[in-house]
Amino acid sequence: KKKKKKKKGGGSHSDHWTFTTTPVLSKAIPGCYIAHNDGDWILGREKAQEEDVAAMERGELPDIAVDPEEMILTVYNATRTRRSYYLTCPCPAVDARGRRLDHGATRDSDGRTTTVTTFVVVLAPLSIMDLCYLRPVGGGGMPDIASHISDAPVGHPAPGVFNPAYVLPFPFAPTERLHRVTCGQAFGGELTHYHPNTFHAVDLQCDVGTPLLAVGSGEVVAARDHCSVSGIHCRNLFEWNSVMIRISVSSLGPYEATSPDSSGSSPRDGQGEGGSTPVGGPNEPSGGKGDVHDKWIYVEYVHIARGSLCVKVGDRVQRGQMICKAGDVGFCPTPHVHLQVHESNHPEAPTVRFGFLSADTPGYYFPEAGLTYELSLTGKSRVCAPSNDPTP
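Residues numbered from 1 in each chain as written. Predicted model: local features only at pLDDT ≥ 70, side-chain atom pairs only at ≥ 80, totals over all residues. Heavy atoms only, no water.

Engineer: An account of the nonpolar core is requested, with residue identities and associated values reported.
Structural biologist: Counting 46 residues, the largest nonpolar core has F172 and Y301 as the members making the most contacts within it. Setting aside chain neighbours within four positions, we find F172 in contact with L178, V181, L204, C206, T210, P211, L212, L213, Y255, V337 and L375. Y33, Y85, V121 and L123 belong to the second-largest nonpolar core, a separate cluster that totals 22 residues. (Core = buried A, V, L, I, M, F, W, Y, C linked by side-chain atoms within 4.5 Å. Buried < 20%, exposed > 50% of the residue type's maximum accessible area, 1.4 Å probe, protein only. Contact = heavy atoms within 4.5 Å.)

Structure below.
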């Protein structure tokens, strides 16, 4: 559909071309471009005019449009609520300053890998945003834009509330191949951590196959590892692998300091030969089952590798036990584990703020995107260096 011409006017520009302004590490999201109501790379944004509103209410304006003359990609929010748009484009695109936007990789269920660009947009009610110029290869035909569009909640019901009992060890043991981990997206990250049920989540960059440990003792309540898609295509948003453990809060604490073997597997993996039995803390309920008066949290590990689960629903796990391996499955620009905590296992339960055990005073910290953390055998970690990335 052809749309009327509109005045252009993007966000402010700086000498360094940046795409994110909140806790997301740009090199962790290759091929993804974020605009929550504004962005340095967009062509322009404006409130809908009276004639636009009338056309929207009549259903005459689509959610997404491409001007056939200028090949401008535009999104419309015809509702009175904020909306979220994940748009995936297979063809080259150019930003407001004439720069070609990078592609990122995506992999389908048959293992075929292609390159695309994905736009993550949150748009205010009754608003219009021109994103970029599309440049189809060969100059012919309209590109096939895939999309996922939904309402975007205003925010988390309690974004700053923190229970100091919710302090976790890092979910890794150091090995010869892994001794430092970078946070790619922190609390409130605008790529995927802006909904209440993902707001307090962290993305920890690690290789596919990295062993992941139970951060406390409890019971596996959900698990799946059959999906295989990966990358930045929006169709991957609901095709992840994950495991969720109901964990006794009193079982949280440092791991037993036992060295992993040189192969990178953990001796805390109770499934393997020669694995040591993990030892809980002094306040851990007997057998890891929890006391009737104990408090429980639900810890979820997302993007785990296909076929990597060492546990199943109903299994009891001990703190420090290997439960699965990290992967790149789902909407996952680069390999990482997405970790989040809830006080309920309801699908729409909001996340809760948590910290990681620190090797330094005051004993815990909140992870920040772009910072690199040094691992220890006990699960305590410390900041060792900022990542070389232009975004905050």
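Engineer: Account for the side chain of H342, with residues named and values stated.
Structural biologist: Mapped onto the fold, H342 is located in strand β21 (residues 336-342). Separated by 3.1 Å, the side chain of H342 and the backbone oxygen of A349 make a polar contact. A polar contact is formed between the side chain of H342 and the backbone oxygen of P350, at a distance of 3.3 Å. With near-sequence residues (within four places) excluded, H342 lies in contact with N197, M244, I297, Y298, E300, A349, P350, T351 and V352. (Helix = DSSP H or I, 4+ residues; strand = E, 2+ residues; numbered from the N terminus. Polar contact = N/O pair within 3.5 Å; in protein donor to acceptor, adjacent residues only side chain to side chain.)

Engineer: Summarise unusual backbone geometry; cite the residues concerned and give the values.
Structural biologist: With phi around 75°, N37 is a residue other than glycine that occupies positive phi space. Along the chain, the position of N37 falls in the loop between β1 (32-36) and β2 (44-47). A residue is classified by how much of its surface remains accessible, and N37, at 22% relative accessible area, is partly exposed. A positive phi angle is found at H303, which is not glycine, with a value near 80°.

Engineer: I'd like a description of the confidence of the model for the protein chain, backed by residues and values.
Structural biologist: Low pLDDT marks stretches whose predicted atomic positions should not be read closely. Summing up the model confidence of the protein chain, the mean pLDDT is 85 and the portion of residues at 70 or higher is 82%. Taken together, the stretch residues 1-21 has pLDDT below 50 and engages in 58 contacts with residues farther than four places along the chain or on a different chain. Below pLDDT 50 for its whole length, residues 259-292 participates in 67 contacts with residues either more than four positions away or in separate chains. (pLDDT = per-residue confidence, 0-100.)

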